[in-house]
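These are the residues of each chain, in order.
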Amino acid sequence: MAFELKNTVPWGRNLEEYSNMFNLTDSDLDCRIISFGDGPASFNSEMTENGKRVVSIDPIYEFSQKELQQKIEETKEMVLEQTKNNLENFVWTKIKNIQELEKIRISAMTKFLQDYEDGKMTGRYINHELPNKTDFEDLSFDLGLSSHFLILYSQLGLSFHISSITEMLRVAKEIRIFPILNLDAKKTDLLVNLIEYFETNYIVNIEKVDYEFQKNGNEMLIIKRK
Ligand SMILES: C[S@@+](CC[C@H](N)C(=O)[O-])C[C@H]1O[C@@H](n2cnc3c(N)ncnc32)[C@H](O)[C@@H]1O
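Within an unreviewed UniProt entry, the label attached to the chain reads SAM-dependent methyltransferase, and the organism entered is Cyclobacterium jeungdonense.

Here it is in structure tokens:
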């Protein structure tokens, strides 16, 4: 059965998962990081706790903590149900079953919710929608990330992706996108077209990572300045 999520959904991962998805080294973690489509991930909250610097960008940050909590509740059943219906699309080694998946995700999203008001006040959670231009100066960040947003939601289309990645590359020296599969765990023409487009002016690589939940989803796309 195809994995059907009409729009992107608020669903959050944790720092350990981000570190594995993006091969984040100690020196990467010390960089100035901007993370797009961060939603209710606990990456920013855990990084801040560790004294690191992350700015998260997402249109869901227009909502209050209470509204987000409600949206997460609504999303939870739908995502878990879709995952249950597509068990064969996933690798159940690190995360053993649906119950464990729910536990890990809820723990990450609870951390996010607890940190949200403080992070919003201090400018760590910014309500903004790609591909619109952000308020940041060129190259304000060392690293730009997109976890489970760009490429995964391939239905957003090529021109959306080109404009969004162009904005990410304006504000960050290097960007990393994970995964490079769509919601049906397939590589699409979108990936091929993006590589072709950006490799004219940038260094583009696909790198293996130590994270695989979607079957064969253990690679990230890296684009950096020449
Ligand atoms: C599946 S969630 C991934 C959350 C987080 N990055 C993670 O991996 O745990 C996808 C996120 O993309 C965000 N998103 C959707 N459209 C966006 C846009 N145009 N610009 C920035 N973020 C967007 C959604 O609001 C949602 O929070």
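A. Quick peek at the nonpolar core. Ranked by size, the top nonpolar core spans 36 residues in total, and within it F22, I33 and F43 carry the most contacts. For this core, the elements supplying multiple residues, two or more each, are helix 1 (15-21), helix 3 (43-49), helix 4 (65-85), helix 5 (98-121), strand 4 (141-147) and strand 7 (219-225). A per-element tally of this core places helix 5 first, with six residues. When near neighbours in sequence (up to four residues on either side) are disregarded, I33 contacts D28, F43, M47, R53, V54, V55, F141, L143 and L145. Grouped together as the second largest cluster of nonpolar side chains are 28 residues, I57, M168, L191 and F198 included.

B. Representation of the packing of helix 6 (residues 158-171) against helix 7 (residues 189-198) within the structure. Interaxial distance between helix 6 and helix 7 falls to 11 Å at its minimum, and their mutual angle equals 45 degrees. Taken together, helix 6 and helix 7 sit at an angle that is classed as oblique. You can see that helix 6 and helix 7 cross each other, and the crossing is right-handed. Two secondary-structure elements touch here, helix 6 through L158, H161, I162, I165, T166 and L169 and helix 7 through L190, N193, L194, Y197 and F198. By residue class, the composition of the contact of helix 6 with helix 7 is eight nonpolar, three polar and no charged.

C. Broad picture of the layout of surface pockets. Computed from the structure, the second largest pocket encloses a volume of approximately 290 Å³. Taken together, 15 residues form the lining of the second largest pocket, with E17, N20, K94, I95 and Y211 sitting closest to its centre. A class-by-class count of the residues in the lining of the second largest pocket yields six nonpolar, four polar and five charged.

D. Local environment of helix 7. Among the residues of helix 7, those classed as buried are L190, L191, L194, I195 and F198. Angular distribution of buried residues about the axis of helix 7 spans 130 degrees; they occupy a single face of the element. For helix 7, the exposed residues lying more than 90 degrees away from the buried face are D189 and E196. Turning to helix 7, the residues buried within the fold contact helix 6, strand 6 (202-208) and strand 7.

E. View of the site of the ligand. Surrounding the ligand, one finds 20 residues, the nearest of these being R13, G37, D58, L130 and S147. Contact between the ligand and D58: an oxygen atom at 2.6 Å from a side-chain N or O atom of the residue. In the environment of the ligand, a nitrogen atom lies 2.8 Å from a nitrogen or oxygen atom belonging to the backbone of L130. Here the ligand loses 95% of its free accessible area of 600 Å² to cover by the protein chains.

About the criteria used
Residues numbered from 1 in each chain as written. Predicted model: local features only at pLDDT ≥ 70, side-chain atom pairs only at ≥ 80, totals over all residues. Heavy atoms only, no water. Core = buried A, V, L, I, M, F, W, Y, C linked by side-chain atoms within 4.5 Å. Buried < 20%, exposed > 50% of the residue type's maximum accessible area, 1.4 Å probe, protein only. Helix = DSSP H or I, 4+ residues; strand = E, 2+ residues; numbered from the N terminus. Contact = heavy atoms within 4.5 Å. Axes fitted to C-alpha atoms, helices over the stretch in contact; angles between N-to-C directions. Parallel < 35°, antiparallel > 145°, perpendicular 65-115°, else oblique. Left-handed = near helix turned anticlockwise from the far one by under 90°. Nonpolar A, V, L, I, M, F, W, Y, C, P; charged D, E, K, R; others polar. 1 Å grid on protein atoms, 1.4 Å probe; cavity = no way out; pocket = protein on both sides within 12 Å on 5 of 7 lines; lining within 4 Å. Points joined across faces, edges and corners; volume = space filled by probe spheres on them. Arc of directions from axis to C-beta. Near = heavy atom within 4 Å. Polar contact = N/O pair within 3.5 Å; in protein donor to acceptor, adjacent residues only side chain to side chain. Areas by Shrake-Rupley, 256 points an atom, 1.4 Å probe, with all protein chains shown as cover.

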